[in-house]
Amino acid sequence: MENFGNDKVTALASGVLVGATSIVITDSTNWPAVNFRIRVDNELMLVTNKGAGSQTTWSVTRGIEGTVASEHLAGAAVYQVFTLGGFEQRLSELLADVPKVITVSSATSIFGDSNIANANIAPPSTIVSGSISGIFSNSHIGWWNELMDSAGMVGFDIVSYHAVAGAGVQSVIDNQLPAILAAPSSVALGRVLVNNFGTLTEQDSVYAAMAKMKVLLDALSAGKDLVVIESVNPVYQSGSASPRLRAGEFEAINAALAQLCSTYRNVKFNDTYSAIVDPASNVRDALPNTLNTVDGIHYVSNGAYLAGYKSFYNMKDKFKLYRYKTKGSNLLPAWAGTGGNKTEGSGTITGTPPAGWNCQVVSGSASVVLTTQSPDRIRATITNSGGSDSLVGFYLTTPSYTALSALLTAGDTIQGSFGYMHKGGTLLKRIAAAIRFNFSGLGTNAPFVSAMTQQPTNEPTIVYPQKAMGGVRKTPPVVIPPSFNSVDFFITCQVGPSTGAVVLDIYNPELYKLT
């Protein structure tokens, strides 16, 4: 290892010939441990061994860093020096000690409402009332997680949400940072800053905003094992009711933010800006149909999809997550068989759902045909000949499956998932997993904890991209709150109008505890 000292000087006890590989000095008291660099006359040397005993016979590498080995007389001064070569060597040693890939627990806190939904969100463990339907709406993290799953990697397990609409960096520091640091998470993932440069809240210069970001990152990098900070996205100002006037500065802002993040060992900058910006726009506007047309900031489905894929490829070699809790056994009844219920609404359902489950045409006039494909796989052939989208769902609720009620208690951490494969191209607009807790007096306002569900309002008519063969949908982990009456687990899909059919295979639905 390269070492340094302060203003050390001694002298040669005897002369040194050109070809010598050792020198004898008069005094080695308080000189640094090897390796270190010295200058004798105009020659630089690297000391690699100080010898035994009095350590006055030093092994040296002669004529380093472009200098020439030469003869030196007894009594010549020997100076310890700090050189460019020494600095570069020490820097390379330090960088070699830094892990190329950070490995941390998957327990993650998300902050910034543009990462979650267009709403104020409470952490799942504190949800006791109110409607927060769609708290994972159109978040790119759902797509990012699905890609990590499909690549055999561990995705983010969202254990807390922290968001207040319109908050700038200072507001996050004052109001959200304490809760983020207190959350039982190893990762903090957030997007901030957009409200520091627009028509909202903190009207900052780039310098002032970066000063605030440094305060935030100092605290997060010290309190979490990994921090992922996302770029300021372009805004959809040409189609938005509340345009952000400084969108043209966002590339410079992101460059400054990336540079700031690079000064921390455990902070990673994730560029989603380049996935969303319209290359044909002179004002660096967002691509059409990627952001909410009311506020111009929050993702709609296309935007979440693009940003999720971009995030996966940006970050897949930057960190590795391991599961923060152990997955328990499946608490749900066997998926195959019959005995369930159906609620046809304005549609039709042929066949009988599995025991304990209810198949429902929630909206629209879809025609659903159910057939069992294997012990863990049900096929739903869905035709929607109406003039609008149709929402079809399977759900299991603890009152209708009493065995599940006995297995779940307040304070348990649970997660739901299912696999799917489909044919029907773009007719399948959405497919999602959701958990809902029901409380006395809330009725239909019971909160959902869901993944990649439809945002309740302001959603344009667009095609929701799907992988050709399917994937796995998971809910975030959620802590069962106190005083709940029942738990519902939902599998939902949205099908566009067409004379064709969507053939959807759903398999291996699971609801399990994490311990």
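All of these numbers come straight from a predicted model, not from anything done at the bench. (Residues numbered from 1 in each chain as written. Predicted model: local features only at pLDDT ≥ 70, side-chain atom pairs only at ≥ 80, totals over all residues. Heavy atoms only, no water.)

**Concerning helix α5 (residues 250-261)**
Cut-off, in case you're wondering: Under the scheme used here, helices are H or I runs from DSSP no shorter than 4 residues and strands are E runs no shorter than 2 residues, and both carry numbers assigned from the N terminus. What a helix should span is 1.5 Å times the count of its residues minus one. For the exposure calls, accessible area comes from a 1.4 Å probe over protein chains only, and a residue counts as buried if that area is under 20% of its type's maximum, exposed if over 50%, partly exposed in between. Arc, as used here, means the arc of the directions from the helix axis to the C-beta atoms.
Helix length check: α5, at 12 residues, gives a terminal C-alpha distance of 16 Å against a target of 16 Å (1.5 Å per residue), a fit within 8%. Among all positions of α5, only F250, I253, N254, L257, L260 and C261 are buried. In an axial view of α5, the angular spread of the buried residues amounts to 120°, which keeps them on one side of the axis. Exposed residues lying more than 90 degrees from the buried face of α5 are A252 and Q259.

**Here we look at helix α3 (residues 169-182)**
Relative to the 20 Å expected for 14 residues at 1.5 Å per residue, α3 spans 18 Å between its end C-alpha atoms, a close match to the ideal helical length. Within α3, burial applies to V169, V172, I173, Q176, L177 and I180.

**Some remarks on the environment of L291**
One can find L291 in the loop between α6 (273-276) and α7 (301-315). Separated by 58 residues in the primary sequence, L291 and N233 have C-alpha atoms spaced 9.7 Å apart.

**Here we look at a nonpolar patch on the surface**
The condition is simple: Residues enter a patch when their relative accessible area is above 30% and they make no salt bridge; the linking distance is 9 Å between like charges and 5 Å between nonpolar side chains (Val, Leu, Ile, Met, Phe, Trp, Tyr). Here the open area of atoms and residues is found with the Shrake-Rupley method and a 1.4 Å probe, where only the protein chains shown may cover a residue. Only one rule defines a salt bridge in this text: a Lys or Arg side-chain nitrogen within 4 Å of an Asp or Glu carboxyl oxygen.
Together, F4, F82, L84, F87, L91 and L95 make up a nonpolar patch on the protein surface, roughly 600 Å² of accessible area in all. Here L84 shows up in helix α1 (residues 84-97). According to the relative accessible area criterion, L84 is exposed, its value standing at 57%.

**Let's talk about the pattern of salt bridges**
In this structure the tally under the stated criterion is 12 salt bridges. In this structure, the salt-bridge partner of E65 is R37, at a minimum N-O distance of 2.8 Å. Taken together, the positions of E65 in the loop between β5 (57-61) and β6 (77-80) and R37 in strand β3 (residues 36-40) put the pair 28 residues apart, joining distant regions of the chain. With a shortest N-O distance of 2.8 Å, K327 and E510 are connected by a salt bridge. In this pair, K327 is assigned in the loop between β13 (319-322) and β14 (341-343) and E510 in strand β26 (residues 501-513), connecting sequence segments 183 residues apart.

**Notes on the side chain of S281**
Definition in use: Polar contacts here mean pairs of N or O atoms no more than 3.5 Å apart (in protein, one a potential hydrogen donor and the other a potential acceptor; neighbouring residues in sequence count only if both atoms are side-chain atoms).
The topology assignment puts S281 in the loop between α6 and α7. The class for S281 is buried, based on a relative accessible area of 12%. Engagement of the side chain of S281 in a polar contact is seen with the backbone nitrogen of D285, the distance being 2.8 Å.

**Re unusual backbone geometry**
A negative phi angle characterises most non-glycine residues, just as the trans form characterises most peptide bonds. Cis geometry marks the peptide bond from V34 to N35; its omega dihedral reads 5°. With respect to the element layout, N35 can be found in the loop between β2 (22-24) and β3. One non-glycine residue with positive phi stands out, namely N30, at about 65°. As for its placement among the helices and strands, N30 is situated in the loop between β2 and β3. The backbone of D41 sits at a positive phi, close to 55°, despite the residue not being glycine. Tracing the sequence through the fold places D41 in the loop between β3 and β4 (43-49).

**Points about the pairing of strand β10 (residues 187-190)**
Filter applied, for reference: When DSSP finds at least two bridges between two strands, those strands are taken to pair.
With burial as the criterion, each face of β10 is covered, one bearing V187 and L189 and the other bearing A188 and G190. As paired strands, β10 and strand β11 (residues 226-230) are joined by four bridges and run parallel to one another. Following the sheet pairing, G190 is matched in β11 by I229.

**Points about the sheet that holds strand β1 (residues 9-11)**
The criterion, for reference: Orientation is described by lines fitted to C-alpha atoms, with helices fitted over the stretch in contact, and by angles between N-to-C directions that extend from 0 to 180 degrees.
Here six strands make up an open sheet; going across it, the order is β1-β6-β3-β4-β5-β2 and the pairing antiparallel. Sheet topology places β1 and β2 at the edges, where each strand pairs with a single neighbour. For this sheet, the mean inter-axis angle between neighbouring strands, taken without regard to orientation, is 40°. Relative to β5, β4 runs antiparallel, the two being bridged by three bridges. Bridge pairing in β5 places V47 opposite V60.

**Considering the confidence of the model for the protein chain**
To keep it simple, the criterion reads: For every residue, the predictor states its confidence as a pLDDT score lying anywhere from 0 to 100. Whether two residues are in contact is decided by their heavy atoms, any of which lying within 4.5 Å being enough.
Confidence along the protein chain averages 79 in pLDDT terms, with 79% of residues attaining 70 or more. Contacts for the low-pLDDT stretch residues 117-137, under 50 throughout, to residues beyond four places or in other chains number 69 contacts.

**Things to note about the packing of aromatic side chains**
How we decide: When the centres of two rings from Phe, Tyr and Trp lie within 6.5 Å, Trp using its six-membered ring, the rings pair. Their planes under 30 degrees apart give stacked, over 60 give edge-to-face, and anything left gives tilted.
Taken as a whole and judged by the stated rule, the model has 11 aromatic pairs. Each ring, one from F156 and one from F319, has its centre 5.9 Å from the other, and the planes form 50°; the classification is tilted. Of the two residues, F156 is situated in the loop between α2 (140-150) and β9 (157-162) and F319 in strand β13; the sequence distance between them amounts to 163 residues. Feature note: the residues F4, F82 and F87 constitute an aromatic cluster, connected by ring pairs.

**Points about the packing of α3 against helix α4 (residues 206-223)**
So the rule is basically this: Should an angle lie under 35 degrees it is considered roughly parallel, over 145 roughly antiparallel, and from 65 to 115 roughly perpendicular; all remaining angles are considered oblique. Three residue categories are used. Nonpolar comprises Ala, Val, Leu, Ile, Met, Phe, Trp, Tyr, Cys and Pro, charged comprises Asp, Glu, Lys and Arg, and polar comprises the others, including Gly.
Put simply, α3 and α4 touch, their axes get as near as 10 Å, and they point 5° apart. Taken as axis vectors, α3 and α4 run roughly parallel relative to one another. Facing α3, whose interface residues are V169, Q170, V172, I173, L177, I180 and L181, α4 presents K212, M213, V215, L216, A219, L220 and G223. Within the contact of α3 with α4, the residues separate by chemical class into 11 nonpolar, two polar and one charged.

**Quick look at the side chain of N233**
Take N233: it is sitting in the loop between β11 and α5. Of the residues examined, N233 reaches a relative accessible area of 6% and is grouped as buried. At a separation of 2.8 Å, a polar atom in the side chain of N233 contacts the side chain of T272. Sequence-distant contacts of N233, that is, excluding residues within four places in its chain, are made with R191, F250, T272, Y273, I276 and Y299.

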